[in-house]
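# Structural characterization, general
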Amino acid sequence: MQTGGGFFRPDSRPARDFSVLIAASTLLGASRDHPLRWLDLMAGCGIRSLRWGLEAKGASHQPVELWVNDGDQERGPLLAANLEPLQTCDGVSIKLSHQPAERLLREAYLEHRFFDLIDLDPFGCPNALLQSTLQAMRFGGVLLVASTDGRSPTGHDRFAAVRRFGAAARAHPSSWELALRLQLAAIAREAWLLGRGLDPLFSFSDGRTFRVAVRMRQRIRSGEEQQLGFLARCDRCGDQALQAMLDLQGWRPCACTDGCGRWAVSGPLWIGPLQDVSQINGLLEISAGLDAASSLGLSEGQDRTLAPRSRRMLDGLLADPGQPACCWSTGELSRRLQLKGPPAIEPLVAALRASGHSASVSGVMAGQVRTNAPLGILLRRCSEFDGKDR
Ligand SMILES: C[S@@+](CC[C@H](N)C(=O)[O-])C[C@H]1O[C@@H](n2cnc3c(N)ncnc32)[C@H](O)[C@@H]1O
Ligand SMILES: [Zn+2]
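Please read these numbers as outputs of a predicted model, since none were measured by experiment.

### A closer look at the site of ligand 1
What surrounds ligand 1 is a group of 16 residues, the closest being Arg 48, Asp 70, Gly 71, Ala 101 and Asp 121. One nitrogen or oxygen atom from the side chain of Asp 121 is found 2.7 Å from a nitrogen atom belonging to ligand 1. Out of a free accessible area of 610 Å², ligand 1 has 83% covered by protein chains.

### Looking at the sheet that holds strand E3 (residues 92-97)
Overall, mixed pairing links the seven strands, which are arranged E3-E2-E1-E4-E5-E7-E6 in an open sheet. What marks the edges here is a single partner per strand, and that holds for E3 and strand E6 (197-205). For this sheet, the mean angle separating the axes of adjacent strands, direction not counted, is 15 degrees. Sheet topology note: the strand E4 (residues 115-120)/strand E5 (residues 137-147) ladder contains five bridges and is parallel. Of the residues in E5, the one forming a bridge with Phe 115 is Met 137. Sheet contacts for helix H2 (residues 47-56): strand E1 (36-40), strand E2 (64-69), E4 and strand E7 (210-217); angle to E1, the most-contacted strand, approximately 150 degrees.

### Focus on the environment of Ala 213
When you line up the elements, Ala 213 lands in strand E7. Note on Ala 213: relative accessible area 0%, which makes it buried. Excluding residues within four positions of it along the chain, Ala 213 makes contact with Leu 143, Leu 144, Asp 199, Pro 200, Leu 201 and Phe 202.

### Some words on the domain arrangement of the protein
When the domains of the protein are assigned, the result is domain 1 (12-225) and domain 2 (326-390). When each unit is reduced to the centre of its C-alpha atoms, the spacing between domain 1 and domain 2 is 35 Å. When the two sides are added together, the surface that domain 1 and domain 2 hide from each other amounts to roughly 640 Å², 53% of it contributed by carbon and sulfur. The interface formed by domain 1 and domain 2 contains one salt bridge. Here Arg 370 makes a salt bridge to Glu 177, at a shortest N to O gap of 2.7 Å. Where domain 1 meets domain 2, there are four residue pairs in polar contact (both at pLDDT 80 or more). Only helix H7 (175-193) and E6 provide two or more residues apiece to the side of domain 1 that touches domain 2. Per element, the largest residue contribution to the side of domain 1 that touches domain 2 is five residues, and it comes from H7.

### Focus on the sheet that holds strand E13 (residues 368-371)
Taken together, three strands build an open sheet; the order of strands is E11-E13-E12 and the sheet is antiparallel. Either end of the sheet is taken by a strand with one partner, and the two such strands are strand E11 (327-329) and strand E12 (359-361). Adjacent strand axes in the sheet meet at a mean angle of 30 degrees when their direction is disregarded. In this structure, E12 lies alongside E13, joined through three bridges in antiparallel fashion. Opposite Val 361, over in E13, you have Val 369 as the bridge partner.

Cut-offs applied
- By convention here, each chain's residues receive numbers from 1 onward along its written sequence.
- Chains and ligands are labelled sequentially in the order written, the chains with letters from A and the ligands with numbers from 1.
- Thresholds applied to this predicted model are a pLDDT of at least 70 for local features of residues and 80 or more for the giving and counting of side-chain atom pairs; totals over whole chains, interfaces and linings are not thresholded and use all residues.
- Heavy atoms throughout the structure, all of them, feed into the side-chain values; hydrogens and water do not.
- A cutoff of 4 Å decides nearness: a residue is near a molecule or strand if any of its heavy atoms lies inside that distance of it.
- Polar contact is the term for a pair of N or O atoms within 3.5 Å; when the atoms are in protein, one must be able to donate a hydrogen and the other to accept it, and sequence-neighboring residues count only if both atoms are side-chain atoms.
- Accessibility throughout is a Shrake-Rupley quantity obtained with a 1.4 Å probe, and a residue counts as covered only by protein chains that appear here.
- Each pair of strands is called paired provided DSSP finds at least two bridges between the two strands.
- Helical segments are the DSSP runs of H or I of at least four residues, strand segments are the runs of E of at least two, and each set is numbered from the N terminus.
- The axes used here are C-alpha line fits, helices contributing only the stretch in contact, and every angle between their N-to-C directions lies in the interval 0 to 180 degrees.
- Residue contacts are defined here by distance: any two heavy atoms, one from each residue, within 4.5 Å place the two residues in contact.
- Under the scheme applied here, a residue whose accessible area is under 20% of the maximum for its type counts as buried, over 50% as exposed, and between as partly exposed, the area being computed with a 1.4 Å probe on protein chains only.
- The domain limits used here are those given by an automatic or database domain assignment.
- Buried area adds together the accessible area that both of two parts lose upon being put together, with accessible area traced by a 1.4 Å probe.
- Here, a salt bridge means any side-chain nitrogen of Lys or Arg that lies within 4 Å of a carboxyl oxygen of Asp or Glu.

Take a look at the structure:
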């Protein structure tokens, strides 16, 4: 495969690996009465489509229409050459186009062509395309969304956050997580406008690109709107508080002893789970199955679907369903306590659980603990680890 100029990022391997597993997951239990439709909306050099066709489709007898699009006409010859191996793949029919994404999606909607999988991987913020993308999805389909707009949802461009997310975004030690939550909220609002519900499957970031996968449901789950809320943080004392939008009232005082602290409030953002643990387990099973099926044809040194880095990332997400939405940087907590260094995170999680609180190691940002323990308890548990187990 030729990557051509620009766009292909070796570092994005986990996202591509996960997309292969998601594509394979749509084959399970699919009806053979009609082909599945997968849409690589902004395909770049076509690496995802190629992997979906060669790896995800595998030996399945389910027919698949693979729609591959990139708005840039000049990428045509490269894309066509890269997709050549799929021409001989049984049961895969390729539809290659070079249209603006909006046009392809609107035409699909008008022609009643709905997709089981859409990968939306633009430059910058994807939100302008969310509504037309969701309208082109089949019920139960999966949407993969990437955003390289890091500035607005991490509080570095608050004006752009209002414009693009209709939300306040404030600087926060868990800024990647807040960006993911703002992205999920943007998708939720657009889905709800259509009367559809959503389940996040996984959410992760490397600090540069923010990626979420969501399954669209035909209906909104009862109480799903409770997942939209606000996260407040006081920069002076480090305290945090969370409220669902539906229950919004005044904020309790923060932990500043002189009463002079001020909350910086972010939201509305998604305060529900960031991943679905059972779905991630399902993806791991699929990965094992794909490896077993392909091992006969694997030559020496040939890669498996999940790179070791991708596997570690999935394991991290498995251990952290992403609830509650409050995460704490152990580095920050140790600085506030003037400890010699941050406490080891696993023992801290165990100690918090032992005191009756929910706690997990954040799968989104390293060195962060997710817990419902109040700040006072958290600081006390951290101080017990000073000098130990680091
Ligand atoms: C980030 S790259 C995609 C990378 C690719 N998905 C991968 O995994 O390597 C974005 C691509 O989107 C295309 N693009 C940008 N805006 C578009 C639009 N509005 N409609 C269609 N394609 C677009 C660009 O030509 C570019 O190739
Ligand atoms: Zn305070």
